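# A structural walkthrough
As a plain string of letters, each chain reads:
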Amino acid sequence: MSWFKASIRSGLQGLLGGHARTPSESVLESGTEDIREAMLGLLGDAGRREFPQVTRRLRYAVDVQSLWYLRGELMAALAALHGEAAARREVLGITQMFRGLVPGSLHSRPSPLS
């Protein structure tokens, strides 16, 4: 009976992502800074002038999850600057940088509508 409980527990952990390895502290820190610089780079000088609040939030985000949730604000700023289609392409590139740094459950599933 104990093997049954263990197999159920391991199966649920696998489904919920319990076996995912967390990145090392140095990988997480360098990845966070790379993402932050890329996001600020997408705004450019014009975006930093026009959207100082987004720039400030990106600059002072404390961790990679904070940057993950700031993608929406970045998308809105970029859409105002360059149009929605261009903003979507640019944010998609940034989203790929988060792979392995945030839990897989934060990434959206592929949509049949895309």
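Residues numbered from 1 in each chain as written. Predicted model: local features only at pLDDT ≥ 70, side-chain atom pairs only at ≥ 80, totals over all residues. Heavy atoms only, no water.

## Observations regarding the overall build of the protein chain
Across its full length, the protein chain carries six helices and zero strands. Helices and strands appear in the protein chain in the N-to-C order α-α-α-α-α-α. The proportion of buried residues among the 114 residues of the protein chain is 28%. Summarising the internal contacts of the protein chain: among those between residues at least 6 apart in sequence, 59% fall at separations of at least 24. Carbon together with sulfur atoms contributes 57% to the accessible area of the protein chain, which is approximately 7900 Å² in total. (Helix = DSSP H or I, 4+ residues; strand = E, 2+ residues; numbered from the N terminus. Buried < 20%, exposed > 50% of the residue type's maximum accessible area, 1.4 Å probe, protein only. Contact = heavy atoms within 4.5 Å. Areas by Shrake-Rupley, 256 points an atom, 1.4 Å probe, with all protein chains shown as cover.)

## Points about the pattern of salt bridges
Think of it this way: side chains of opposite charge can pair up when their charged atoms draw near. As enumerated under the stated definition, the model contains four salt bridges in all. Glu 33 is paired through a salt bridge with Arg 36; the nearest N and O atoms lie 3.1 Å apart. In this pair, Glu 33 and Arg 36 both sit in helix H2 (residues 25-50), three residues apart, roughly one turn of the helix. Judged by its relative accessible area of 7%, Arg 36 is buried. Residue Arg 48 is joined to Asp 45 by a salt bridge in which the shortest nitrogen-to-oxygen separation is 3.3 Å. With Arg 48 and Asp 45 both in helix H2 and three residues apart, this pair spans about one turn of that helix. (Salt bridge = Lys/Arg side-chain N within 4 Å of Asp/Glu carboxyl O.)

## Notes on the nonpolar core
Ranked by internal contacts, the top residues of the largest apolar core, which has 22 residues, are Ile 35, Met 39, Leu 43, Leu 58, Leu 67, Leu 74 and Phe 98. Elements that contribute at least two residues to this core include exactly H2, helix H3 (52-59), helix H4 (64-69), helix H5 (71-82) and helix H6 (84-97). Once you skip the residues sitting within four places of it in the chain, Leu 67 turns out to touch Thr 32, Ile 35, Arg 36, Met 39, Leu 58, Ala 61 and Phe 98. (Core = buried A, V, L, I, M, F, W, Y, C linked by side-chain atoms within 4.5 Å.)

## Some remarks on H3
If you check which residues of H3 are buried, you get Val 54, Thr 55 and Leu 58. Burial along H3 is one-sided: seen end-on, the buried residues are contained in an arc of 100°. (Arc of directions from axis to C-beta.)

## Notes on H6
Given a rise of 1.5 Å per residue, 14 residues ought to cover 20 Å, and the 20 Å separating the end C-alpha atoms of H6 matches this to within 8%. All of the buried residues in H6 are Ala 86, Ala 87, Val 91, Ile 94 and Thr 95. (Expected span 1.5 Å × (residues − 1).)

## Things to note about the packing of H5 against H6
Here H5 crosses H6 at 145°, and the two axes come no closer than 7 Å. H5 and H6 meet at a crossing whose hand is right-handed. Across the interface between the two elements, Arg 71, Leu 74, Met 75, Leu 78, Ala 79 and His 82 of H5 pack against Glu 84, Ala 86, Ala 87, Arg 88, Glu 90, Val 91 and Thr 95 of H6. Tallied by class, residues from the contact of H5 with H6 come to seven nonpolar, two polar and four charged. (Axes fitted to C-alpha atoms, helices over the stretch in contact; angles between N-to-C directions. Left-handed = near helix turned anticlockwise from the far one by under 90°. Nonpolar A, V, L, I, M, F, W, Y, C, P; charged D, E, K, R; others polar.)

## Describing the side chain of Thr 55
Residue position: Thr 55 is located in helix H3. Setting aside residues up to four positions removed in sequence, Thr 55 forms contacts with Leu 40, Leu 43, Gly 47 and Arg 48.

## Notes on the confidence of the model for the protein chain
Per-chain confidence: the protein chain averages 81 in pLDDT, with 68% of residues scoring 70 or above. Looking over the protein chain, one finds the lowest element-wise mean pLDDT in helix H1 (residues 2-16), namely 49, and the highest in H3, namely 97. (pLDDT = per-residue confidence, 0-100.)

## Observations regarding the packing of aromatic side chains
Under the counting rule described, the total for this entry stands at one aromatic pair. Over the aromatic face of Trp 68 sits the side chain of Arg 71, whose NZ or CZ is 3.7 Å from the ring centroid. (Phe/Tyr/Trp six-rings, centres within 6.5 Å; stacked < 30°, edge-to-face > 60°. Lys NZ or Arg CZ within 6 Å of the ring centre and 35° of its normal.)

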